[in-house]
Amino acid sequence: RLRTRHAERFEGGTAIRHPIAFAELNGGAFQRGGTFNISYVQTDTALTVVPKYYYVNITLFGTDNVLARGPDAAMNYVESKMVNASGKMAKLLGTDVFLDGTGVLSSPIQLDGMVQALDNGSLYAAYGGITRTDLGTAPGDNNAGINGYVLNLPTFTMKGMETAYGSAWFGNENVDLIVTTQAIWNIIWTKILPNQRFMEESNDIAKIGFQSMRWMGASICVDQYCPANYIFGLNTKYIQFWISTLPKYQFGFTGFKEAQNSDDVAGQYLFGGNLLFPAPRLNFMLTGVVA
């Protein structure tokens, strides 16, 4: 499963904001009698996303209380439903985190996901309330402003992934997690396997294959909810998963409420928050990978 290092809390307001610096101040060498460039430079702005809300409903028949009681009860059916609800919520969020939340791949009421955040402006002109070209980047410019690195790579090559990795590397910041599907993971495994060396000399049985892969300092993992034909290269230091400070929306439960004209009850398991990438240019996205 994809996990973020940061679980932030937002309190009140209508939006989640994170300041970013996108331009440099004027400066340089000067000599005696020289003048300074004192013109104002706008260096900062803020990425803004609105909270998104999710629910999982649990409905119970009142008559089941008659059956699921005492030593003859077959199971705790309330506990079973709650476990199911947490799994369903994980599936909803785990799926939408990879999509866009703009109405193209997923609804605007769903998470602002990676496909939107890590775009280079070719498909998504804006992210976090900022038009990408306002930061001096043209559509298709990789790793500039709030543009990620995007490459269509129908025939997978390690060189293509190496180029993407290097393009998202700035100073001491680099991708540390690569997420993809099982099918593409298998392709990468096949490419890397010929380079394996057998170091064990205590017996004559060769241990072939990898349970997990670590490449260029990044862990390569499979996520069952990753959309087909994608590889996401992530700098997990710059992934923020925002959650409401209101306990009910921190994967809380509303409690069971009786339905009108019925002995049945229903309650909802809730989440309120969103995903935010404060530095998309430190990430990459390979698309269209099929072989």
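Residues numbered from 1 in each chain as written. Predicted model: local features only at pLDDT ≥ 70, side-chain atom pairs only at ≥ 80, totals over all residues. Heavy atoms only, no water.

**Focus on helix α5 (residues 182–192)**
For step 1, the next point in the chain: Listed as buried for α5 are I184, W185, I187, I188 and I192. For α5, the buried positions fall inside an angular range of 155° around the axis, keeping them on one side. (Buried < 20%, exposed > 50% of the residue type's maximum accessible area, 1.4 Å probe, protein only. Helix = DSSP H or I, 4+ residues; strand = E, 2+ residues; numbered from the N terminus. Arc of directions from axis to C-beta.)

**Observations concerning the sheet that holds strand β16 (residues 284–287)**
For step 1, the next point in the chain: Ordered by their spatial adjacency, 6 strands build an open sheet running β7-β16-β11-β8-β10-β9, and the pairing between neighbours is mixed. Two strands bound the open sheet, and with one partner strand each, they are β7 (149–152) and β9 (213–215). Along the sheet, successive strands turn relative to each other by an average axial angle of 20°, direction set aside.
For step 2, the next point in the chain: Both β9 and strand β10 (residues 218–222) contribute to a ladder of 3 bridges, which runs antiparallel. Bridge pairing in β10 links W215 to A218.
For step 3, the next point in the chain: Helix-sheet contacts for helix α4 (residues 158–167) involve β7, β8 (177–180), β9, β10, β11 (231–234) and β16, and the interaxial angle to β16 is about 155°. (Pairing = 2+ DSSP bridges. Axes fitted to C-alpha atoms, helices over the stretch in contact; angles between N-to-C directions. Contact = heavy atoms within 4.5 Å.)

**Looking at the side chain of E173**
For step 1, the next point in the chain: Here E173 is to be found in the loop between α4 and β8.
For step 2, the next point in the chain: Residue classification places E173 among the buried residues on the basis of a relative accessible area of 12%.
For step 3, the next point in the chain: A polar contact of 3.3 Å, which involves the side chain of E173, links it to the side chain of N235.
For step 4, the next point in the chain: Look past the residues within four positions of E173 in its chain and what remains in contact with it is A168, N235, K237, Y238 and L282. (Polar contact = N/O pair within 3.5 Å; in protein donor to acceptor, adjacent residues only side chain to side chain.)

**Some thoughts on the nonpolar core**
For step 1, the next point in the chain: F98, M114, L118, F232, L234, F271 and F277 are the most contacted members of the largest nonpolar core, which has 43 residues in total.
For step 2, the next point in the chain: The contacts of F271, once residues within four sequence positions are left out, are K52, Y53, Y54, M89, L93, L111, F241, W242, I243, Y249 and F251.
For step 3, the next point in the chain: Grouped together as the second largest cluster of nonpolar side chains are 23 residues, F156, I178, W185 and L286 included. (Core = buried A, V, L, I, M, F, W, Y, C linked by side-chain atoms within 4.5 Å.)

**Let's talk about a nonpolar patch on the surface**
For step 1, the next point in the chain: Judged by side-chain polarity, F30, F36 and I38 come together as a nonpolar surface patch covering roughly 420 Å² of accessible area.
For step 2, the next point in the chain: For F36, the location among the structural elements is in the loop between β2 (16–21) and β3 (44–49). (Patch = residues over 30% accessible without salt bridge, like charges linked within 9 Å, V, L, I, M, F, W, Y side chains within 5 Å. Areas by Shrake-Rupley, 256 points an atom, 1.4 Å probe, with all protein chains shown as cover. Salt bridge = Lys/Arg side-chain N within 4 Å of Asp/Glu carboxyl O.)

**With respect to unusual backbone geometry**
Negative phi is the rule for most residues except glycine; trans is the rule for most peptide bonds.
For step 1, the next point in the chain: Here M216, not a glycine, exhibits a phi torsion of approximately 55°, which is positive.
For step 2, the next point in the chain: Among the structural elements, M216 can be located in the loop between β9 and β10.
For step 3, the next point in the chain: Relative accessible area serves as the criterion here: at 43%, M216 is assigned to the partly exposed category.
For step 4, the next point in the chain: For N229, which is not glycine, the phi torsion reads 75° and is therefore positive.
For step 5, the next point in the chain: Along the chain, the position of N229 falls in the loop between β10 and β11.

**Focus: the environment of T254**
For step 1, the next point in the chain: By the element assignment, T254 lies in the loop between β13 (250–253) and β14 (257–258).
For step 2, the next point in the chain: A residue is classified by how much of its surface remains accessible, and T254, at 29% relative accessible area, is partly exposed.
For step 3, the next point in the chain: The spacing of T254 and G267 is 13 residues in sequence and 5.7 Å in space, taken between C-alpha atoms.
For step 4, the next point in the chain: Sequence-distant contacts of T254, that is, excluding residues within four places in its chain, are made with K248, G267, Q268 and L270.
For step 5, the next point in the chain: Here the side chain of T254 touches K257 through a polar contact of 3.0 Å, side chain to side chain.
For step 6, the next point in the chain: Here Q268 takes part through its backbone nitrogen, which lies 2.9 Å from a polar atom of the side chain of T254.

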